[in-house]
Amino acid sequence: MITPAHQSVLGSVLSPARRRAFIDWACTGSGLLIEDDYDGEFRYGRQPVGALQAMAPENVAYLGSVSKTLGPALRLGWMVLPRRLVEPVSEAKYYADVQTEVIGQLVLAELIRTHAYDRHVRARRLRYRSRRDELLRRLACEAPEVRARGAAAGLHITLELPPGGAPAGELRAIAAAHGLALLDLGRSWHVADPARPVSVMVGYATPADHAYSAALDALCATLRAAVSGGKAS
Ligand SMILES: Cc1ncc(COP(=O)(O)O)c(C=O)c1O
(Lines give C-alpha, C1' and ligand atoms only; values in the text may rest on other atoms or scores of the structure.)
Protein backbone atom coordinates (compact mmCIF):
# COMPACT_ATOMS: atom_id res chain seq x y z
CA MET A 1 0.00 0.00 0.00
CA ILE A 2 1.57 3.28 -1.05
CA THR A 3 0.84 7.01 -1.14
CA PRO A 4 3.00 7.94 -4.14
CA ALA A 5 1.64 11.44 -4.82
CA HIS A 6 2.24 12.66 -1.26
CA GLN A 7 3.68 10.24 1.22
CA SER A 8 1.71 10.03 4.42
CA VAL A 9 3.16 11.33 6.78
CA LEU A 10 6.48 12.84 5.64
CA GLY A 11 5.04 14.42 2.52
CA SER A 12 7.58 13.34 -0.10
CA VAL A 13 6.60 12.58 -3.70
CA LEU A 14 7.67 9.17 -5.00
CA SER A 15 10.54 9.60 -7.47
CA PRO A 16 10.13 8.39 -11.08
CA ALA A 17 12.70 5.62 -10.45
CA ARG A 18 10.83 4.32 -7.40
CA ARG A 19 7.51 4.54 -9.24
CA ARG A 20 9.00 2.40 -12.00
CA ALA A 21 10.43 -0.04 -9.44
CA PHE A 22 7.04 -0.48 -7.78
CA ILE A 23 5.35 -1.06 -11.12
CA ASP A 24 8.02 -3.58 -12.15
CA TRP A 25 7.57 -5.39 -8.84
CA ALA A 26 3.81 -5.55 -9.30
CA CYS A 27 3.94 -6.64 -12.93
CA THR A 28 6.63 -9.30 -12.64
CA GLY A 29 5.21 -11.08 -9.62
CA SER A 30 1.51 -10.46 -10.42
CA GLY A 31 1.45 -8.40 -7.25
CA LEU A 32 -1.12 -5.81 -6.33
CA LEU A 33 -0.25 -2.23 -5.42
CA ILE A 34 -2.85 -0.29 -3.50
CA GLU A 35 -2.45 3.35 -4.46
CA ASP A 36 -3.97 5.60 -1.81
CA ASP A 37 -4.39 8.99 -3.44
CA TYR A 38 -5.71 10.60 -0.29
CA ASP A 39 -5.08 14.29 -1.06
CA GLY A 40 -4.15 14.38 -4.76
CA GLU A 41 -6.43 17.39 -5.36
CA PHE A 42 -4.13 19.70 -3.42
CA ARG A 43 -0.87 20.45 -5.17
CA TYR A 44 0.51 23.96 -4.79
CA GLY A 45 3.92 24.35 -6.31
CA ARG A 46 3.91 21.81 -9.12
CA GLN A 47 1.82 19.91 -11.62
CA PRO A 48 0.11 16.93 -10.04
CA VAL A 49 1.91 13.65 -10.70
CA GLY A 50 -0.09 11.09 -12.64
CA ALA A 51 -1.58 8.09 -10.88
CA LEU A 52 0.50 4.90 -10.85
CA GLN A 53 -2.72 3.11 -11.74
CA ALA A 54 -2.46 4.36 -15.33
CA MET A 55 0.93 2.65 -15.68
CA ALA A 56 -0.36 -0.82 -14.78
CA PRO A 57 -4.17 -0.87 -14.51
CA GLU A 58 -4.27 -4.63 -13.93
CA ASN A 59 -1.83 -4.48 -11.02
CA VAL A 60 -2.84 -1.31 -9.20
CA ALA A 61 -5.99 -0.65 -7.18
CA TYR A 62 -6.51 3.10 -6.98
CA LEU A 63 -8.35 4.60 -4.01
CA GLY A 64 -9.66 8.13 -3.57
CA SER A 65 -12.25 9.85 -1.43
CA VAL A 66 -13.85 13.19 -0.68
CA SER A 67 -12.43 13.08 2.84
CA LYS A 68 -9.97 15.90 2.12
CA THR A 69 -12.11 17.89 -0.31
CA LEU A 70 -15.50 17.83 1.42
CA GLY A 71 -15.06 16.08 4.74
CA PRO A 72 -14.24 12.64 6.16
CA ALA A 73 -17.60 12.24 7.91
CA LEU A 74 -19.31 11.76 4.52
CA ARG A 75 -17.53 8.41 4.02
CA LEU A 76 -17.66 8.80 0.24
CA GLY A 77 -14.87 7.33 -1.82
CA TRP A 78 -14.08 5.35 -4.94
CA MET A 79 -11.86 2.56 -6.20
CA VAL A 80 -10.49 1.91 -9.66
CA LEU A 81 -9.77 -1.80 -9.65
CA PRO A 82 -8.05 -4.32 -11.89
CA ARG A 83 -10.82 -6.07 -13.82
CA ARG A 84 -10.31 -9.37 -12.01
CA LEU A 85 -11.07 -7.69 -8.70
CA VAL A 86 -14.25 -5.79 -9.57
CA GLU A 87 -16.61 -8.67 -8.86
CA PRO A 88 -14.95 -10.08 -5.72
CA VAL A 89 -14.50 -6.60 -4.20
CA SER A 90 -18.12 -5.67 -4.99
CA GLU A 91 -19.25 -8.87 -3.35
CA ALA A 92 -17.04 -8.36 -0.30
CA LYS A 93 -18.36 -4.82 0.01
CA TYR A 94 -21.92 -6.08 -0.17
CA TYR A 95 -21.31 -8.48 2.69
CA ALA A 96 -19.49 -5.77 4.64
CA ASP A 97 -22.26 -3.17 4.58
CA VAL A 98 -25.17 -4.50 2.43
CA GLN A 99 -26.13 -0.99 1.30
CA THR A 100 -24.16 2.06 0.34
CA GLU A 101 -25.56 5.37 1.42
CA VAL A 102 -27.11 6.86 -1.71
CA ILE A 103 -28.16 10.44 -0.99
CA GLY A 104 -24.57 11.60 -0.46
CA GLN A 105 -23.57 9.97 -3.76
CA LEU A 106 -26.42 11.69 -5.61
CA VAL A 107 -25.43 15.03 -4.11
CA LEU A 108 -21.80 14.46 -5.08
CA ALA A 109 -22.87 13.52 -8.62
CA GLU A 110 -24.83 16.76 -8.82
CA LEU A 111 -21.87 18.76 -7.51
CA ILE A 112 -19.66 17.17 -10.17
CA ARG A 113 -22.24 17.61 -12.95
CA THR A 114 -22.70 21.32 -12.22
CA HIS A 115 -18.91 21.86 -11.79
CA ALA A 116 -19.57 23.07 -8.25
CA TYR A 117 -17.19 20.37 -6.95
CA ASP A 118 -14.46 21.58 -9.26
CA ARG A 119 -15.00 25.21 -8.24
CA HIS A 120 -14.96 24.21 -4.59
CA VAL A 121 -11.70 22.28 -4.94
CA ARG A 122 -10.06 25.15 -6.83
CA ALA A 123 -11.13 27.68 -4.19
CA ARG A 124 -9.91 25.41 -1.39
CA ARG A 125 -6.62 24.89 -3.17
CA LEU A 126 -6.00 28.65 -3.13
CA ARG A 127 -7.02 28.92 0.50
CA TYR A 128 -4.87 26.01 1.72
CA ARG A 129 -1.96 27.20 -0.33
CA SER A 130 -2.09 30.62 1.29
CA ARG A 131 -2.46 29.01 4.72
CA ARG A 132 0.61 26.88 4.08
CA ASP A 133 2.56 29.92 2.85
CA GLU A 134 1.55 31.90 5.92
CA LEU A 135 2.58 29.06 8.20
CA LEU A 136 6.00 28.87 6.53
CA ARG A 137 6.43 32.65 6.73
CA ARG A 138 5.64 32.66 10.43
CA LEU A 139 7.98 29.75 11.08
CA ALA A 140 10.82 31.42 9.18
CA CYS A 141 10.48 34.50 11.42
CA GLU A 142 9.59 32.95 14.75
CA ALA A 143 11.06 29.45 14.80
CA PRO A 144 13.71 29.40 12.06
CA GLU A 145 15.44 26.36 13.59
CA VAL A 146 12.43 24.22 12.74
CA ARG A 147 12.65 22.43 9.38
CA ALA A 148 9.57 21.95 7.22
CA ARG A 149 9.56 18.68 5.29
CA GLY A 150 7.68 17.48 2.25
CA ALA A 151 6.22 18.74 -0.99
CA ALA A 152 3.94 21.78 -1.19
CA ALA A 153 0.78 19.71 -1.16
CA GLY A 154 -2.07 18.43 0.93
CA LEU A 155 -3.48 19.69 4.20
CA HIS A 156 -0.59 19.07 6.53
CA ILE A 157 3.06 19.81 6.94
CA THR A 158 5.65 17.85 8.86
CA LEU A 159 8.00 19.86 11.04
CA GLU A 160 11.32 18.60 12.33
CA LEU A 161 12.75 20.12 15.48
CA PRO A 162 16.50 20.62 15.90
CA PRO A 163 18.43 18.36 18.28
CA GLY A 164 18.65 19.46 21.90
CA GLY A 165 15.06 20.61 22.26
CA ALA A 166 12.22 19.21 24.32
CA PRO A 167 11.56 15.48 23.90
CA ALA A 168 8.29 14.43 22.28
CA GLY A 169 6.34 13.91 25.51
CA GLU A 170 7.30 17.35 26.77
CA LEU A 171 6.50 18.91 23.42
CA ARG A 172 2.97 17.49 23.61
CA ALA A 173 2.60 18.96 27.10
CA ILE A 174 3.85 22.39 25.96
CA ALA A 175 1.42 22.26 23.03
CA ALA A 176 -1.45 21.30 25.34
CA ALA A 177 -0.60 24.25 27.58
CA HIS A 178 -1.01 26.46 24.48
CA GLY A 179 -4.34 24.83 23.63
CA LEU A 180 -2.94 22.71 20.79
CA ALA A 181 -3.09 18.97 20.21
CA LEU A 182 0.08 18.11 18.29
CA LEU A 183 0.73 14.71 16.79
CA ASP A 184 4.39 13.74 16.93
CA LEU A 185 5.67 11.10 14.56
CA GLY A 186 7.07 8.80 17.23
CA ARG A 187 4.66 5.98 16.45
CA SER A 188 4.76 6.47 12.69
CA TRP A 189 8.32 5.23 12.20
CA HIS A 190 8.76 1.64 11.14
CA VAL A 191 11.80 1.34 13.42
CA ALA A 192 12.08 3.50 16.51
CA ASP A 193 15.32 5.48 16.75
CA PRO A 194 15.78 7.76 19.75
CA ALA A 195 18.48 9.69 17.85
CA ARG A 196 15.95 10.82 15.25
CA PRO A 197 14.83 14.45 15.58
CA VAL A 198 11.42 15.04 17.12
CA SER A 199 8.90 15.71 14.33
CA VAL A 200 5.31 16.81 14.40
CA MET A 201 2.51 16.80 11.88
CA VAL A 202 0.59 20.06 11.62
CA GLY A 203 -2.74 20.22 9.81
CA TYR A 204 -3.57 23.69 8.55
CA ALA A 205 -7.02 23.13 7.05
CA THR A 206 -9.26 22.91 10.08
CA PRO A 207 -9.18 26.25 11.93
CA ALA A 208 -11.79 28.77 10.86
CA ASP A 209 -10.35 31.78 9.02
CA HIS A 210 -10.80 34.06 12.01
CA ALA A 211 -8.97 31.56 14.27
CA TYR A 212 -6.04 30.76 12.00
CA SER A 213 -3.75 33.55 13.08
CA ALA A 214 -4.25 32.70 16.78
CA ALA A 215 -3.59 29.03 15.98
CA LEU A 216 -0.28 30.04 14.38
CA ASP A 217 0.57 32.16 17.43
CA ALA A 218 0.05 29.10 19.63
CA LEU A 219 2.03 26.87 17.28
CA CYS A 220 4.98 29.27 17.06
CA ALA A 221 5.01 29.79 20.84
CA THR A 222 4.96 26.01 21.31
CA LEU A 223 7.81 25.47 18.87
CA ARG A 224 9.92 28.26 20.37
CA ALA A 225 9.50 26.73 23.82
CA ALA A 226 10.26 23.24 22.51
CA VAL A 227 13.36 24.40 20.62
CA SER A 228 14.75 25.98 23.77
CA GLY A 229 14.20 22.73 25.66
CA GLY A 230 10.86 23.66 27.19
CA LYS A 231 12.23 26.71 29.02
CA ALA A 232 10.78 29.64 27.07
CA SER A 233 7.11 30.17 26.23
C1 LIG B 1 -2.89 8.08 4.20
C2 LIG B 1 -4.35 8.41 4.23
N3 LIG B 1 -5.19 7.75 3.42
C4 LIG B 1 -6.52 8.01 3.39
C5 LIG B 1 -7.04 8.97 4.21
C6 LIG B 1 -8.51 9.24 4.10
O7 LIG B 1 -9.19 8.21 4.67
P8 LIG B 1 -10.76 8.14 4.45
O9 LIG B 1 -10.98 8.37 2.99
O10 LIG B 1 -11.11 6.77 4.93
O11 LIG B 1 -11.37 9.21 5.29
C12 LIG B 1 -6.24 9.68 5.08
C13 LIG B 1 -6.82 10.67 5.97
O14 LIG B 1 -6.17 11.35 6.72
C15 LIG B 1 -4.85 9.40 5.09
O16 LIG B 1 -4.01 10.08 5.88
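Residues numbered from 1 in each chain as written. Predicted model: local features only at pLDDT ≥ 70, side-chain atom pairs only at ≥ 80, totals over all residues. Heavy atoms only, no water.

1. A closer look at the domain arrangement of the chain
Line of reasoning, step 1. Per the domain assignment, the segments of the chain are domain 1 (16–114) and domain 2 (125–227).
Line of reasoning, step 2. The straight-line distance from the C-alpha centre of domain 1 to that of domain 2 is 29 Å.
Line of reasoning, step 3. Listed per partner, the contact involves nine residues of domain 1 and 11 residues of domain 2.
Line of reasoning, step 4. Buried surface at the junction of domain 1 and domain 2, summed over both partners, amounts to about 880 Å²; 60% is from carbon and sulfur atoms.
Line of reasoning, step 5. Looking at the side of domain 1 facing domain 2, the largest losses of area belong to Phe42, Tyr44 and Lys68, adding up to 64% of the total buried there.
Line of reasoning, step 6. For the interface between domain 1 and domain 2, the tally reads zero salt bridges.
Line of reasoning, step 7. Residue classes in the side of domain 1 that touches domain 2 are distributed as three nonpolar, one polar and five charged. (Domains from an automatic or database assignment. Contact = heavy atoms within 4.5 Å. Buried area = accessible area lost by both parts, 1.4 Å probe. Salt bridge = Lys/Arg side-chain N within 4 Å of Asp/Glu carboxyl O. Nonpolar A, V, L, I, M, F, W, Y, C, P; charged D, E, K, R; others polar.)

2. Here's the deal with the nonpolar core
Line of reasoning, step 1. With 32 residues, the main nonpolar core has Leu135, Leu159, Val202 and Leu223 as its most contacted residues.
Line of reasoning, step 2. Mapped onto this core, the elements with two or more residues apiece are α4 (116–142), β5 (156–160), α5 (168–177), β7 (199–203) and α6 (209–227).
Line of reasoning, step 3. Element by element, the count of residues in this core is highest for α6, at seven residues.
Line of reasoning, step 4. Looking at this core, you find at least three residues from each of domain 1 (16–114) and domain 2 (125–227).
Line of reasoning, step 5. The contacts of Leu223, once residues within four sequence positions are left out, are Leu139, Ala143, Val146, Leu159 and Leu161.
Line of reasoning, step 6. Judged by nonpolar contacts, the second largest core, of seven residues, contains Ile2, Ile23, Ala26 and Leu52. (Core = buried A, V, L, I, M, F, W, Y, C linked by side-chain atoms within 4.5 Å. Buried < 20%, exposed > 50% of the residue type's maximum accessible area, 1.4 Å probe, protein only. Helix = DSSP H or I, 4+ residues; strand = E, 2+ residues; numbered from the N terminus.)

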